[in-house]
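Chain by chain, the residues run as shown.
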Amino acid sequence: MATAGKVIQCKAAVAWEPNKPLVIEEIEVAPPQADEVRIKIVATAVCHTDLYHLFEGMPKDGFPAVLGHEAAGIVESVGPEVTEFQPGDKVIPLFLAQCKECRFCKSPKTNQCELAWTRIRQGAMVGKESRFTCKGKKVLQFAGTSTFSEYIVIHQIAVAKIDPAAPLDKVCLIGCGICTGYGAAVNTAKVEPGSTCAVFGLGAVGLAAVMGCKAAGAKRIIAVDLNPDKAEKAKVLGATDFVNPKDHNKPIHEVLAGMTNGGVDYSVECVGNVEVMRSALESCLPAWGVSVIVGWTEMFDIKIRPPHLISGRTWKGSMFGGFKGKDGVSEMVKAYLDKKLQLEEFITHNMTLDQINDAIELMKQGKCVRVVMSVSPE
């Protein structure tokens, strides 16, 4: 391409400081260095983790930054020593890399990668390297990705090549929310056919967990949320019941125990609230229930009593749904193309990058599942 090896000037939504609207700016994106890939972002979605960084976590050394980590695009150019990708490839950037060489990548026990977190500053959730500059200042790359930009540069271990037939404005959701929820049910909880499940929180991740429970053959899937508007969407994706904790005068785990003869076989927490995490655990059958924490927060501790676990429950955590980055994303794109995975049902709004603050507001108010923004033409 004509831009290969050159600095690209393009548009990006910059978070100059926490708790403030993003600003559409002209930024410079440097050419890829060794082992790096420069990608033209075609479509990106807003995820709650972007909002967490901006409004809740607000790390003091995490700004200015370009947020966004759920996207799909096309390789524009590659740096030296990159053999896996070439210009024109359709790809999905990964916040959880897969180097395929470390002991974690070689183990079937985890989807973590030892190299992945050496690229990210812990606590600040931004990359140690950045190829972005704006108004003479270095701008940080959120989660090492930063997809609220027309172009990004990312290490090749954090890029998944996907089927060229994939529609980028749909499969962008596979870059975070869909894999995170679906995999929490299928890979982490290992939901069994004929089982009973509860999913707490019906954002995109929770709805994807509902879809995963259904795909795994659960016979009863209880969707739990404070927003009654979420009930219909949950049922479309496989929920058999909807429970709003506000409709009951006793704790939600007691309500679920009464509905399921003592508790569910599996529960998945997709809120990022420590009280809900405890409720999800207590909702499981004490003898063998499995509860999975998916929602992210670093701000509070969880309190439980030892008998909650001693009786036989299992408590697990799940990041990116237990999918190894490159392998899992490619598999999930194929599942969508084979009509084994729903994506359109999650997209409630289509916007452009210029409307990023409107998209954030919709998510803050719980008025969307996923907003997909078109960033660049294919």
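A short tour of the structure in this document, coming up.

### Section: the pairing of strand S1 (residues 8–15)
Burial of S1 is extensive: six of the eight residues sit out of reach of the surface. Here seven bridges tie S1 to strand S2 (residues 23–29), and the two strands are oriented antiparallel to one another. Bridge pairing in S2 links Cys10 to Ile27. Sheet analysis places S1 next to strand S4 (residues 65–66), joined by two bridges and oriented antiparallel. Paired with Val14 across the two strands is Val66, which belongs to S4.

### Let's talk about the sheet that holds strand S18 (residues 314–317)
Pairing is parallel in the open sheet, where six strands are placed in the order S15-S14-S13-S16-S17-S18. Because the sheet does not close on itself, it has two edges, and the strands there are strand S15 (241–243) and S18. Within the sheet, the average angular offset between the axes of one strand and its neighbour, ignoring direction, is 20°. Each of strand S16 (266–269), strand S17 (290–293) and S18 touches helix H3 (residues 177–189); the most contacted strand, S17, lies at about 135° to it.

### As for unusual backbone geometry
With an omega of -10°, the peptide bond between Phe63 and Pro64 qualifies as cis. One non-glycine residue, Lys100, lies in positive phi territory at about 70°. Since its relative accessible area comes to 42%, Lys100 is described here as partly exposed. Non-glycine residue Ala143 carries a positive phi angle of around 55°. Judged by its relative accessible area of 4%, Ala143 is buried.

### Observations concerning the packing of helix H1 (residues 48–57) against helix H10 (residues 356–364)
Between H1 and H10, the shortest axis-to-axis distance is 11 Å and the interhelical angle comes to 95°. As judged from the angle between their axes, H1 and H10 are roughly perpendicular. Contact residues: His48, Leu51, Leu54 and Phe55 in H1; Ile360, Met363 and Lys364 in H10. Considering only residue class, the contact of H1 with H10 consists of five nonpolar, one polar and one charged.

### Focus on the pairing of S17
Neither face of S17 is open: one carries Val290 and Val292, the other Ser291 and Ile293, and all of them are buried. Bridging between S16 and S17 involves four bridges; their strand directions are parallel. Across the sheet, Val268 pairs through a bridge with Val292, a residue of S17. On the question of chirality, the crossover connecting S16 to the parallel S17 by way of helix H7 (residues 274–282) is right-handed. Alignment of S17 against S18, held across four bridges, turns out to be parallel. What sits directly across from Val292, in S18, is Lys316.

### A closer look at the packing of aromatic side chains
For the structure on display, the rule yields one aromatic pair. Both rings, one in Phe95 and one in Phe320, keep their centres 5.3 Å apart while their planes meet at 80°; by these two values the pair is edge-to-face. In this pair, Phe95 sits in the loop between strand S6 (90–93) and strand S7 (120–121) while Phe320 sits in the loop between S18 and helix H9 (325–337), placing the two residues 225 residues apart along the sequence. We note that Phe95, like Phe320, is buried. Its guanidinium or amino end placed over the ring of Phe55, Lys364 lies 4.3 Å from that ring's centre, counting from NZ or CZ.

### Describing the side chain of Ser146
Inspection of the secondary structure puts Ser146 in the loop between strand S10 (137–141) and strand S11 (151–155). Separated by 2.5 Å, the side chain of Ser146 and the backbone oxygen of Val66 make a polar contact. Beyond its immediate sequence surroundings of up to four residues, Ser146 is in contact with Val66, Leu67, Gly68, Phe132, Leu140, Gln141 and Ile152.

### Thoughts on the pattern of salt bridges
Counting across every chain of the model gives 17 salt bridges. Among the salt bridges present, the one from Glu76 reaches Arg38, with a minimum N-O distance of 2.6 Å. Of this pair, Glu76 sits in strand S5 (residues 70–78) while Arg38 sits in strand S3 (residues 36–45), and the two are 38 residues apart along the sequence. There is no split in this pair, since Glu76 and Arg38 are both buried. Through salt bridges with shared partners, a single network forms among Glu36, Glu129 and Arg131.

### Quick look at helix H6 (residues 252–259)
Each full turn of the α-helix corresponds to 3.6 residues, which orients residues three or four apart in the same direction. Here H6 has its buried residues at Ile252, His253, Val255 and Leu256. The buried residues of H6 occupy an angular sector of 155° when the element is viewed end-on, so they sit on one face. Check the buried side of H6 and you find it contacts strand S13 (196–200), strand S14 (220–224), S15 and H7. With its phi angle positive at about 60°, Asn261 sits one or two positions after the end of H6.

### Considering the nonpolar core
Residues Phe148, Val171, Ile174, Leu341 and Phe346 are the most contacted members of the largest nonpolar core, which totals 118 residues. Among the elements that take part in this core, helix H4 (residues 204–215) stands out by supplying eight residues, more than any other. Residues Ala198, Ile222, Val255 and Leu256 belong to the second largest nonpolar core, which totals 11 residues.

How each quantity is defined
- Residues numbered from 1 in each chain as written.
- Predicted model: local features only at pLDDT ≥ 70, side-chain atom pairs only at ≥ 80, totals over all residues.
- Heavy atoms only, no water.
- Buried < 20%, exposed > 50% of the residue type's maximum accessible area, 1.4 Å probe, protein only.
- Helix = DSSP H or I, 4+ residues; strand = E, 2+ residues; numbered from the N terminus.
- Pairing = 2+ DSSP bridges.
- Axes fitted to C-alpha atoms, helices over the stretch in contact; angles between N-to-C directions.
- Contact = heavy atoms within 4.5 Å.
- Parallel < 35°, antiparallel > 145°, perpendicular 65-115°, else oblique.
- Nonpolar A, V, L, I, M, F, W, Y, C, P; charged D, E, K, R; others polar.
- Right-handed = clockwise from strand over helix to strand, strands pointing away.
- Phe/Tyr/Trp six-rings, centres within 6.5 Å; stacked < 30°, edge-to-face > 60°.
- Lys NZ or Arg CZ within 6 Å of the ring centre and 35° of its normal.
- Polar contact = N/O pair within 3.5 Å; in protein donor to acceptor, adjacent residues only side chain to side chain.
- Salt bridge = Lys/Arg side-chain N within 4 Å of Asp/Glu carboxyl O.
- Arc of directions from axis to C-beta.
- Core = buried A, V, L, I, M, F, W, Y, C linked by side-chain atoms within 4.5 Å.

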